[in-house]
Amino acid sequence: MTAIQAAALWSGLLIIWITALGVRVTLDRRKHKVLLGDGGVADLNVSVRVFANAAEYMPMGWAALILMALCGAPVWAIHAVGAALLTGRIIHPFGMRATGGVRLPRALGMMLTWLPLLAAGATLVILAFR
């Protein structure tokens, strides 16, 4: 697999995941008969925030994966960033939906979002000077 194919793989999987999150928002809106926003419905608010949080972080991930591939990053590095980012984005909603005390999946999901983004950023800075 080439670097650009690896970036395409993880970008595609991330796109499928964010689409699933968007479908969840639509289904929850239909369920609660809310056309815009969350209508004050706690469950819908969580769905909206889960999608919005993903939409806030995923574009940086897509850009990083593509730029890493274009700048000559090793395929293993692209797989590591993509896999960690997707794993973090999948785990995160479980913590958002949990009630009560510490939400370990939410914290783990964010760590598995921030760390690969930071690694990708550092990799891109290094590759820029190579």
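Residues numbered from 1 in each chain as written. Predicted model: local features only at pLDDT ≥ 70, side-chain atom pairs only at ≥ 80, totals over all residues. Heavy atoms only, no water.

Peer 1: Just checking my understanding: could you explain helix α2 (residues 42-70) for this structure?
Peer 2: Because an α-helix packs 3.6 residues into every turn, residues spaced three or four apart end up facing the same way. A rise of 1.5 Å per residue sets the reference length of α2, with its 29 residues, at 42 Å; its end C-alpha atoms lie 42 Å apart and thus fit the reference within 8%. Roughly 30° is the biggest bend found in α2, and it falls at Y57, with proline P59 one to four residues downstream. Positive backbone phi, at 90°, marks G72, one or two positions downstream of α2. (Helix = DSSP H or I, 4+ residues; strand = E, 2+ residues; numbered from the N terminus. Expected span 1.5 Å × (residues − 1). Bend = angle between axes of the 7 residues up to and from the residue.)

Peer 1: Any chance you could explain the environment of P93 here in plain terms?
Peer 2: Within the secondary structure layout, P93 lies in helix α3 (residues 75-97). Note: C-alpha distance between P93 and T19 (74 residues apart in sequence) is 14 Å. Non-local contacts of P93, meaning those with residues more than four positions away in its chain, are made with W17, L21 and V50. (Contact = heavy atoms within 4.5 Å.)

Peer 1: Would you mind showing me how to read the packing of α2 against helix α4 (residues 104-128) here?
Peer 2: Between two packed helices, both the angle of their axes relative to each other and the distance between the axes serve to describe the pair. Orientation of α2 relative to α4, taken along the N-to-C sense of each, is 30°, at an axis distance of 10 Å. Put simply, α2 runs roughly parallel to α4. Note on packing geometry: the crossing formed by α2 with α4 is left-handed. Here N53, Y57, M60, G61, A64, L67 and M68 of α2 come into contact with α4, specifically with M110, T113, W114, L117, A120, T123, L124 and L127. In terms of residue class, the contact of α2 with α4 is made up of eleven nonpolar, four polar and no charged. (Axes fitted to C-alpha atoms, helices over the stretch in contact; angles between N-to-C directions. Parallel < 35°, antiparallel > 145°, perpendicular 65-115°, else oblique. Left-handed = near helix turned anticlockwise from the far one by under 90°. Nonpolar A, V, L, I, M, F, W, Y, C, P; charged D, E, K, R; others polar.)

Peer 1: Just to check I follow, could you spell out the nonpolar core for this structure?
Peer 2: General note: in soluble globular proteins, nonpolar side chains tend to be found buried as a group. With 25 residues, the main nonpolar core has L14, M58, L65, M68 and I78 as its most contacted residues. Contributions of two or more residues to this core are made by α1 (3-32), α2, α3 and α4. The element best represented in this core is α2, accounting for eight residues. M58 has contacts with L14, W17, I18 and R89, leaving out every residue within four places of it along the chain. (Core = buried A, V, L, I, M, F, W, Y, C linked by side-chain atoms within 4.5 Å. Buried < 20%, exposed > 50% of the residue type's maximum accessible area, 1.4 Å probe, protein only.)

Peer 1: What is the right way to look at the pattern of salt bridges in this model?
Peer 2: Close approach of charged atoms allows side chains of opposite charge to pair. For the structure shown, the criterion picks out two salt bridges. We note a salt bridge from D28 to R24, for which the minimum N-O separation is 3.3 Å. Of the two residues, D28 and R24 are both situated in helix α1; the distance of four residues between them amounts to about one turn of the helix. R24 gets classed as partly exposed once you look at its relative accessible area, which sits at 35%. The salt bridge involving E56 is made with R49; its shortest N-O contact spans 3.5 Å. Residue E56 is classed as partly exposed on the basis of its relative accessible area, which comes to 43%. (Salt bridge = Lys/Arg side-chain N within 4 Å of Asp/Glu carboxyl O.)

Peer 1: Help me out: how do you make sense of the side chain of R89 in this one?
Peer 2: Looking at where R89 falls in the secondary structure, it is placed in helix α3. Among buried Asp, Glu, Lys and Arg side chains, R89 stands out as unpaired, with E56 the closest opposite charge at 7.3 Å. Those residues in contact with R89 that lie beyond four places of it in its chain are L14, W17, N53, A54, M58, G109, M110 and T113. (Lys, Arg positive; Asp, Glu negative; His and termini not counted.)

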